[in-house]
Amino acid sequence: MATDWLQASVFENLFDAQAGAALGALTPHHIAAGTVLFRPGDRPDGFLLVLAGKVNVYLNSRTGRELLLYSIEPGQTCLQTTLAVLGSQTYSGEAIAETDLVAVAIPWSLFNQLIGTSTSFRNFVFKAFADRVGEMTQLLEMVAFMKVEFRLARWLVENMGPDGIIEASHADIAAAIGSAREVVSRRLEVMSERGLVEVERRRIRVLSPDRLRALAANGEN
């Protein structure tokens, strides 16, 4: 029988009895926010299932710029880890716990066993992998073909709260849209002058959501 962590998680009912019993016997661990889970050149030592919290995975350039590749939240998996396992490769990105985490690490011996014997586990791994590849394709298209001002507008629209507030630094936004902090700062200044946003320290207030949505939509046409 699976333990409480599996029954009370987003993974409940995803796996057959065999996989559920094997995974349920594992012990969840608490990981502090800010912990680096892997760096470029590391080899994976387990397959992580996030039960609570958020992990951000970045690609870092030689010039120090960052690109946020994706985030891992409960029910999602890490594309880099899956690639490293299937291709016997090292990591090319860096994963950092954005918040405090509760996670279960599946040892490789068990991971390989379940991939070979549990259809439900295998389907879960490859479905999550396919979803991530789709997200990465969208990210590549955005960075390659959409101008910075449109990428910034879309990110602001997608991340603003009901009150129009976004809590993020210019560096955070730059990493998310594949640009430089200085470029983001200049674009936000222009948006501020146009009355679209109000810029504060680590906070942006959207003043005209409809106009911002229209700007974001122009980049997709």
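The text that follows walks through the structure, step by step, so that each part is easy to find.

1. Observations concerning the overall build of the protein chain
Of the regular secondary structure elements, the protein chain holds nine helices and ten strands. Projected onto its principal axes, the C-alpha positions of the protein chain cover 60 × 35 × 35 Å. Classification of the 221 residues of the protein chain by burial places 42% in the buried group. Sequence-distant contacts, at least 24 apart, represent 67% of the contacts inside the protein chain between residues at least 6 apart. Summed over all atoms, the accessible surface of the protein chain reaches about 11800 Å², with 51% contributed by carbon and sulfur. In the protein chain, which carries 21 positive and 25 negative side-chain charges, the distance between the mean positions of the two groups comes to 7 Å.

2. What to know about helix H3 (residues 79-87)
Every buried residue of H3 is accounted for by Leu79, Gln80, Thr81, Thr82, Ala84 and Val85. Just past H3, the residue Ser88 takes up positive phi, approximately 50°.

3. Side note on the packing of helix H2 (residues 17-24) against helix H4 (residues 108-117)
Direction vectors running N to C along H2 and H4 enclose 170°, while the axes themselves pass 10 Å from each other. Judged by the inter-axis angle, H2 sits roughly antiparallel to H4. Residue-level contacts link Gln18, Ala19, Ala22 and Leu23 of H2 to Leu110, Gln113, Leu114 and Thr117 of H4. Partitioned by chemical class, the residues of the contact of H2 with H4 number five nonpolar, three polar and no charged.

4. Points about unusual backbone geometry
The phi dihedral of Asn13 falls on the positive side, at around 75°, and the residue is not glycine. Mapped onto the elements of the fold, Asn13 is located in the loop between helix H1 (4-7) and H2. Positive phi is not limited to glycine here, since Arg202 has a value of about 55°. Relative to the helices and strands, Arg202 is located in the loop between strand E9 (197-200) and strand E10 (203-206).

5. A look at the environment of Thr27
Along the polypeptide, Thr27 turns up in the loop between H2 and strand E1 (29-31). When its relative accessible area of 52% is taken as the criterion, Thr27 is described as exposed. In the structure, Thr27 is positioned 79 residues away from Ile106 in sequence and 9.6 Å away in space, judged by C-alpha atoms. If we ignore the near neighbours within four places in the chain, the residues touching Thr27 are Ala103 and Val104.

About the thresholds
For every chain, the first residue of the written sequence is number 1, and numbering continues from 1 along that sequence. For this predicted model, a pLDDT threshold of at least 70 governs which residues receive local features, and a threshold of 80 or more governs which side-chain atom pairs are given and counted, while totals over whole chains, interfaces and linings are taken from all residues. Only hydrogens and water are removed before side-chain values are computed, so all heavy atoms of the structure are retained for them. Numbering of helices and strands starts at the N terminus; helices are DSSP runs of H or I of at least 4 residues and strands are runs of E of at least 2. The buried label goes to any residue with under 20% of its type's maximum accessible area, the exposed label to any with over 50%, and the partly exposed label to all in between, with areas taken from a 1.4 Å probe on protein chains only. Contacts between residues were defined by any pair of non-hydrogen atoms, one from each residue, lying within 4.5 Å. Using a 1.4 Å probe, the Shrake-Rupley method yields the accessible areas, and only the shown protein chains count as cover for residues. His is not counted, nor are the chain ends; Lys and Arg add positive charge and Asp and Glu add negative charge. The location of each charge is read from NZ of Lys, CZ of Arg, CG of Asp or CD of Glu. The angle between two axes is taken between their N-to-C directions and runs from 0 to 180 degrees, where each axis is a line fitted to C-alpha atoms and a helix contributes only its stretch in contact. Any angle that falls under 35 degrees is termed roughly parallel, while one over 145 is termed roughly antiparallel, one within 65 to 115 roughly perpendicular, and all others oblique. Here the nonpolar group is Ala, Val, Leu, Ile, Met, Phe, Trp, Tyr, Cys and Pro; Asp, Glu, Lys and Arg are the charged ones; every other residue, Gly included, is treated as polar.

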